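Here is what each chain is made of, one letter per residue.
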Amino acid sequence: MYVKKTLYIFLIAFIFFSQCACGRREIVLERVTESRGTETEGKSRAVPAGDRSDGAAAVEKQTEKKISVFVCGAVLKPGVYQLPAGSRAEDAVMYAGGFASGADREWCNLARVVNDGEKLVIYTLEETAKMEAQGQAAEGTADADTPGDPANGGGKVNINTAGREELMTLSGIGETRAKAIIEYRTAHGNFSAPEDIMLVPGIKGSIYASLKDRICVN
């Protein structure tokens, strides 16, 4: 009788502890499941960095700004062309079919950025030869005798009284032309009008046009 009672108590205790253990396992499993579910949800909502950059690049490409440039002169296909903003003069020439026969490929600064609404003229070798004879320098280059900057000084320069250094502050007037101005007025007297400066050898209409607003005679 005593043995049966003992076995009965042991069986009840075993069943009790087994149920407690099962309950704990279920709680742990629930917590692990919830944790994994939250982690998976977070991953599904996250957008990979690569996808974000690709999307931004796609938007940029769709909204890329275009400019219109009229390319004419010594090119194979003159006309108005749509180019991406920031394009160079060389790009514009290529859009127009490239240089035509006899084009002066070095007169135009092909590395410069072209602007919306610009007219880009490609001259022939014959045309640029005439322009050089008139004292006009190639685009994007500085005349070896023209270090003057029209922004220097601010006020007008009196070409009848200015010395060599002051004359050289004028656009298109370097040391050689400044000396020629002084020699001319020494030999012929003062200039009567600003445009008389074109009587000085080496100073043509294109140079006068660039400095006429900076000079005076009294």
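Refer to the structure presented above.
Student: Can you help me understand the sheet that holds strand β2 (residues 79-84) in this one?
Tutor: One key point about sheets: their strands pair by backbone hydrogen bonds, in either a parallel or an antiparallel sense. If you trace the three strands from one edge of the open sheet to the other, you get β2-β1-β3, paired in mixed fashion. Each edge of the open sheet carries a strand with a single partner, namely β2 and β3 (118-122). Strand after strand, the sheet turns through a mean of 35° between neighbouring axes, direction not considered. Where strand β1 (residues 66-73) lies against β2, six bridges are found, and the strand directions are antiparallel. Paired with Val-69 across the two strands is Tyr-81, which belongs to β2.

Student: Quick question: what am I supposed to make of helix α6 (residues 175-188) here?
Tutor: At 3.6 residues per turn, the α-helix brings residues three or four places apart onto the same side. Compared with an ideal rise of 1.5 Å per residue, which puts 14 residues at 20 Å, α6 spans 20 Å between its outermost C-alpha atoms and is within 8% of the ideal. Residues of α6 that are buried include every one of Arg-177, Ala-178, Ala-180, Ile-181, Tyr-184 and Arg-185, and no others. Down the axis of α6, the smallest arc covering the buried residues is 160°, so these residues share one side. Opposite the buried face of α6, at more than 90 degrees from it, the exposed residues are Thr-176, Lys-179, Thr-186 and Ala-187.

Student: Whenever I open this one, the packing of aromatic side chains confuses me. Can you help?
Tutor: Tallied over the entire structure, the rule returns two aromatic pairs. Measuring from ring centre to ring centre gives 6.5 Å for Tyr-81 and Tyr-95, while their planes differ by 65°; the resulting arrangement is edge-to-face. You can see Tyr-81 sitting in strand β2 and its partner Tyr-95 sitting in helix α3 (residues 89-95), a full 14 residues away along the chain. Looking at Tyr-81, the relative accessible area reads 18%, which means it is buried. Exposure remark for Tyr-95: the relative accessible area of 39% places this residue in the partly exposed category. With 5.6 Å between their ring centres and 5° between their planes, Tyr-184 and Phe-191 make a pair best called stacked. In terms of burial, Tyr-184 and Phe-191 fall into one category: buried.

Student: Could you clarify how one ought to interpret the side chain of Arg-185 in this entry?
Tutor: By secondary structure assignment, the location of Arg-185 is in helix α6. No salt bridge is formed by the buried Arg-185, whose closest oppositely charged neighbour, Glu-166, lies at an N-O distance of 7.9 Å. Engagement of the side chain of Arg-185 in a polar contact is seen with the backbone oxygen of Ala-162, the distance being 2.7 Å. Once residues within four sequence positions are removed from consideration, Arg-185 is found in contact with Ile-159, Asn-160, Thr-161, Ala-162, Leu-167, Asn-190 and Phe-191.

Student: I tried to follow the environment of Glu-165 on my own but got confused; where do I start?
Tutor: Tracing the chain through its elements places Glu-165 in helix α5 (residues 164-167). Judged by its relative accessible area of 52%, Glu-165 is exposed. In the structure, Glu-165 is positioned 13 residues away from Ala-178 in sequence and 8.0 Å away in space, judged by C-alpha atoms. For Glu-165, the side chain forms a polar contact with the side chain of Arg-164, separated by 3.2 Å.

Student: Would you take a moment to explain the nonpolar core for this structure?
Tutor: Across soluble globular proteins, nonpolar side chains have a tendency to be buried as a group. In terms of nonpolar packing, the biggest core is built from 20 residues, with Leu-167, Ile-173, Ile-181, Ile-197 and Val-200 touching the most fellow members. Contributions of two or more residues to this core are made by α6 and α7 (205-211). Here the element with the most residues in this core is α6; it accounts for four residues. Counting residues in hydrophobic clusters, the runner-up holds 19 residues, among them Val-69, Val-75, Ala-100 and Ile-122.

Each value, and the rule that gives it
Residues numbered from 1 in each chain as written. Predicted model: local features only at pLDDT ≥ 70, side-chain atom pairs only at ≥ 80, totals over all residues. Heavy atoms only, no water. Pairing = 2+ DSSP bridges. Helix = DSSP H or I, 4+ residues; strand = E, 2+ residues; numbered from the N terminus. Axes fitted to C-alpha atoms, helices over the stretch in contact; angles between N-to-C directions. Expected span 1.5 Å × (residues − 1). Buried < 20%, exposed > 50% of the residue type's maximum accessible area, 1.4 Å probe, protein only. Arc of directions from axis to C-beta. Phe/Tyr/Trp six-rings, centres within 6.5 Å; stacked < 30°, edge-to-face > 60°. Lys, Arg positive; Asp, Glu negative; His and termini not counted. Salt bridge = Lys/Arg side-chain N within 4 Å of Asp/Glu carboxyl O. Polar contact = N/O pair within 3.5 Å; in protein donor to acceptor, adjacent residues only side chain to side chain. Contact = heavy atoms within 4.5 Å. Core = buried A, V, L, I, M, F, W, Y, C linked by side-chain atoms within 4.5 Å.

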